[in-house]
Amino acid sequence: MQIIVNGVIEQELADRLVAEEKETFARQGKKIAKIVITNLGDEVEIKTYEESPIRRIRRITGYLAETDRWNAPKLAELRDRVVHTNLAVRGRLAARETGVKLRLNGLTYESVVDGPGLRDVVFVQGCPHRCPGCHNPDSWDFGGGTEVDVADVLVSLPSSPLITGVTFSGGEPFCQAAALAEVARHAKARGLNLWIYTGYTWEELLDHPDPAVLRLLALADVVVDGRFVQEEAYLDLPFRGSANQRLIDVRESLNTGNVVLWEPAVPAENIPPVKIVR
Ligand code: SF4
């Protein structure tokens, strides 16, 4: 928790204000991110900012936070990204609830490993597939993560004018198809392309009993389908973990009734091998 004091304020008064705010927030089950106390002359103003319920996953060009693989340029990149975090949190304070709930594993802003270009990534919580060697096993538990209102996600997408696409990953996005369709419509209305990573195969999606699955599928540009298969995992596969997974051009596939693979604008061999496989 950060405490900022503007002007001269008696230590005793500042301590009391902070203690009161802590008590109020704790009673509401909320966490405080920052308290700003300002001496306005005749009175003291106190502003308290709630900690965002959305877990932020930091992943930049294949490097994961909290590992020892950072180097100086990447740390500099990370410091720059603090600006975007603050923008998202500020936007979140203005979000209006939609009543549509989404269980989130986390959000990543400005990823280059989850599809082409610079992308914001929504990692959902809950996955029934449980692939051995999964890149994100803490996303399996349907009761884990954080439940948020869809509005909390919409306000931060896109996170910057440089973003060209949004990716849904997980967890299993199609287990929360109705809520994600709201996010997808928001992204498409802003001209962003949409990629979805799913453990279901294309054929399983087409046969799925939940009608929201087809609605969400129809909003996607590319679906990366199929479970992660450790025996078929290669680090040089662009945008996927194992060779059985397909990058499917959704519009062409739905139009023709056959699976049509997505063709990158640049030759596949020029796309760096950045999909992380543990
Ligand atoms: S589908 Fe994806 S998130 Fe689910 S277990 Fe397999 S690799 Fe992990």
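Please refer to the structure higher up on the page.
Everything numeric in this text was worked out from a predicted model, so none of it was measured.

Conventions used here
Residues numbered from 1 in each chain as written. Predicted model: local features only at pLDDT ≥ 70, side-chain atom pairs only at ≥ 80, totals over all residues. Helix = DSSP H or I, 4+ residues; strand = E, 2+ residues; numbered from the N terminus. Expected span 1.5 Å × (residues − 1). Buried ≥ 20, exposed ≤ 12 C-beta atoms within 10 Å, placed from the backbone. Contact = placed C-beta atoms within 7 Å. Axes fitted to C-alpha atoms, helices over the stretch in contact; angles between N-to-C directions. Parallel < 35°, antiparallel > 145°, perpendicular 65-115°, else oblique. Left-handed = near helix turned anticlockwise from the far one by under 90°. Nonpolar A, V, L, I, M, F, W, Y, C, P; charged D, E, K, R; others polar. Near = placed C-beta within 6 Å. Pairing = 2+ DSSP bridges. Core = buried A, V, L, I, M, F, W, Y, C linked by C-beta atoms within 7 Å. Arc of directions from axis to C-beta.

Draft legend 1. Highlighting helix α4 (residues 177-189). With 13 residues, α4 should reach 18 Å at 1.5 Å per residue; the first-to-last C-alpha distance of 18 Å fits that figure. Ala177, Ala179, Leu180, Ala181, Val183, Ala184 and Ala187 are the residues of α4 that are buried. On the buried face of α4, the contacting elements are β6 (101-111), β7 (119-124), α3 (150-154), β9 (165-169), β10 (193-197) and α6 (211-219). Phi turns positive, to about 80°, at Gly191, one or two residues after α4.

Draft legend 2. The arrangement of the packing of α4 against α6 in detail. One way to put it is that α4 packs onto α6 with a least axis distance of 9 Å and a crossing angle of 20°. When the axis of α4 is compared with that of α6, the two are roughly parallel. When the axes of α4 and α6 are compared, the crossing they make is left-handed. The segment α4 lies against α6, with Ala177, Ala178, Leu180, Ala181, Ala184, Arg185 and Lys188 engaging Ala212, Val213, Arg215, Leu216 and Leu219. Split by residue class, the contact of α4 with α6 holds 9 nonpolar, no polar and 3 charged.

Draft legend 3. Structural detail: the site of the ligand. Around the ligand, 14 residues are found, and the nearest of them are Cys127, Cys131, Cys134, Gly199 and Phe228. Here the residues of the shell around the ligand sort into 4 nonpolar, 7 polar and 3 charged.

Draft legend 4. Summary view of the environment of Glu110. Locating Glu110 in the fold gives a position in strand β6. Taking the C-beta count within 10 Å as the criterion, Glu110 has 21 such neighbours and is therefore assigned buried. Between the C-alpha atoms of Glu110 and Val121, which are 11 residues apart in sequence, the distance is 7.9 Å.

Draft legend 5. Representation of unusual backbone geometry in the model. The step from Leu157 to Pro158 runs through a cis peptide bond, and the omega angle for that step is 0°. With omega at 0°, the peptide bond leading from Gly170 into Gly171 counts as cis. Summarising the element assignment, Gly171 is placed in the loop between β9 and α4. Non-glycine residue Glu110 carries a positive phi angle of around 60°.

Draft legend 6. Summary view of the environment of Ile248. For Ile248, the position within the fold is in strand β12 (residues 246-249). Spatially, the C-alpha atom of Ile248 lies 8.9 Å from that of Glu263, the residues being 15 residues apart in sequence. If near-sequence neighbours (up to four positions away) are discounted, Ile248 is found in contact with Trp202, Val222, Val223, Asp225, Ser253, Val259, Leu261 and Trp262.

Draft legend 7. Highlighting the pairing of strand β1 (residues 2-6). Counting buried positions over the 5 residues of β1 gives 0, only a small fraction of the element. Here 5 bridges tie β1 to strand β2 (residues 32-39), and the two strands are oriented parallel to one another. Counterpart to Ile4 in the pairing with β2 is Val36.

Draft legend 8. Quick look at the nonpolar core. Residues Val122, Leu180, Val183, Leu194, Leu216, Ala220 and Val223 are the most contacted members of the largest nonpolar core, which totals 41 residues. Residue assignment for this core shows that the elements contributing at least two residues are β6, β7, α3, β9, α4, β10, α6 and β11 (222-225). Filtering out sequence-adjacent residues up to four positions away, Val122 remains in contact with Leu107, Val153, Val166, Phe168 and Val183.

Draft legend 9. Examining α6 more closely. Buried within α6 we find Val213, Leu216 and Leu217. Around the axis of α6, the buried residues are gathered within 105° of arc, so they sit on the same side. The exposed set on the far side of α6, more than 90 degrees from its buried face, consists of Pro211 and Ala218. Residues of α6 that are buried make contact with α4, α5 (202-206), β11 and α7 (250-256).

Interpretation in functional terms is not warranted from these geometric data alone.
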